[in-house]
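# Tertiary structure, described
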Amino acid sequence: MKSSDSFLMVIKDNKIDSGNIDFLFNSVRNLLFNGYKNIFLDMNNVESVDNSFLNFLEKSGDHVDLNLFNLNSNIMSVLFITKFDKFVKIYNAETDAKEALKPIIKRNFSLVS
């Protein structure tokens, strides 16, 4: 991974929903327009997501490599059960994400450690 085409975004809101998804979508779109192909989202502060976040993942996943890390177990479960994890890469920590090491979920229906 080249650092010049990567961008780290820290989500400061405690939820991602229809009230703030447009800001996230427009931010990612602007980053893509400016040449960033790998977007890293630090989800440490996020306690919940709604359907608008899942739609965002689906729409963005075709255009940019989204890498999520520091997800709580509820959000991780939602992504796994709904199979939306196929649109993003999920990592435990920032270091793992940046080095593309040890993804938490692999689509063979098992959690890896």
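Every buried residue belonging to helix α3 (residues 73-81) is among I75, M76 and L79, and all of these are buried. On an axial view of α3, the arc spanned by its buried residues comes to 100 degrees, and they lie on one face. The exposed residues of α3 that point more than 90 degrees off its buried face are S73, N74 and I81. If you check the start of α3, you find a side-chain oxygen 3.0 Å away from the backbone N of N74, and it comes from N72.

Of all 5 residues in strand β5 (residues 65-69), 4 are buried; the element is thus mostly enclosed. One ladder, built from 5 bridges, connects strand β3 (residues 38-42) with β5; its direction is parallel. Bridging across to β5, D42 finds its partner in F69. Two strands pair when backbone bridges link them, and β5 and strand β6 (residues 89-91) are joined in this way by 3 bridges, in the parallel orientation. Within β6, the residue paired with F69 across the bridge is Y91. This β-α-β element, β5 to α3 to β6, shows right-handed connectivity.

Calculation rules
Residues numbered from 1 in each chain as written. Predicted model: local features only at pLDDT ≥ 70, side-chain atom pairs only at ≥ 80, totals over all residues. Heavy atoms only, no water. Buried < 20%, exposed > 50% of the residue type's maximum accessible area, 1.4 Å probe, protein only. Helix = DSSP H or I, 4+ residues; strand = E, 2+ residues; numbered from the N terminus. Arc of directions from axis to C-beta. Polar contact = N/O pair within 3.5 Å; in protein donor to acceptor, adjacent residues only side chain to side chain. Pairing = 2+ DSSP bridges. Right-handed = clockwise from strand over helix to strand, strands pointing away.

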